[in-house]
Amino acid sequence: TSSTAAAWQSLSLLTTAFSIVYKSSDESRASTTIVAADSALSFSTTTNTKYYIILNILGAVTSTSPDFKYTITHSQAINYSALTISYFEGTTQLNADSAIASNSSTICTTKTMNTAVGNFWLRFEGIIDVATGGTFNFNWSQNASNVNPTVVIRGSSLMYAIANI
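Here's what I pulled together on the structure shown here.

**Focus on the pattern of salt bridges**
Considering all chains together, one arrives at five salt bridges under this definition. The residue Lys23 makes a salt bridge to Glu27 at a minimum N-O spacing of 2.6 Å. For the pair shown, Lys23 and Glu27 are each scored as buried. What you see here is one network of salt bridges that share partners, running through Lys23, Glu27, Arg29 and Asp38.

Here you go:
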């Protein structure tokens, strides 16, 4: 007998394997509230392409006040994006949020975490539909400028693949 896979078994949401960018060293920022691109967590995009992304941020705050803010951008306007955001900060329970954008270069507007003195974990997962090729960036800074550094830790990662959606 012969066996044929059902049509749904041959469908794939991804047309390429994941590319993975790992942060190879800690990155500290102190005495600044200017949100800037992370030194490692970015990738170049192609015109008229959808991407499935997973972004995991490991961080540490040494200030006694909430001290981490972030945004996600693309250097060109995108058609749309939809991301889920999960985060754990200090001793607080797991939290969730979402970010939806269209016809904008801002994928996730600037958000602030309430982390003070401690470690945090932040995860983004979702789709971006790129109209014009450019650069996807994770951007961050301190929320309140002080000499105690805010750190995005080595091992943070960005995974992305072309999506067939």
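Continuing now.
**Side note on unusual backbone geometry**
With a phi close to 55 degrees, Ser31 is a non-glycine residue in the positive phi region. Among the secondary structure elements, Ser31 is positioned in the loop between strand E2 (27-29) and strand E3 (36-44). Here Ser31 falls in the partly exposed class, since its relative accessible area comes to 44%. The phi dihedral of Asn103 is positive, around 50 degrees, even though this residue is not glycine. Relative to the assigned elements, Asn103 resides in strand E6 (residues 95-113). Overall, the relative accessible area of 63% leaves Asn103 in the exposed class.

**With respect to the nonpolar core**
Among the nonpolar cores identified, the biggest contains 30 residues, and Ile57, Phe68, Tyr70, Ile72, Leu122, Phe124 and Phe138 are the most heavily contacted of them. Every element with two or more residues in this core is listed here: E3, strand E4 (49-61), strand E5 (68-89), E6, strand E7 (118-130), strand E8 (135-141) and strand E10 (157-162). The contact partners of Ile57, leaving out residues within four places of it in the chain, are Leu41, Phe120, Trp121, Leu122, Phe124, Phe138, Val152 and Ser156.

The rules behind the values
- Residues numbered from 1 in each chain as written.
- Predicted model: local features only at pLDDT ≥ 70, side-chain atom pairs only at ≥ 80, totals over all residues.
- Heavy atoms only, no water.
- Salt bridge = Lys/Arg side-chain N within 4 Å of Asp/Glu carboxyl O.
- Buried < 20%, exposed > 50% of the residue type's maximum accessible area, 1.4 Å probe, protein only.
- Helix = DSSP H or I, 4+ residues; strand = E, 2+ residues; numbered from the N terminus.
- Core = buried A, V, L, I, M, F, W, Y, C linked by side-chain atoms within 4.5 Å.
- Contact = heavy atoms within 4.5 Å.

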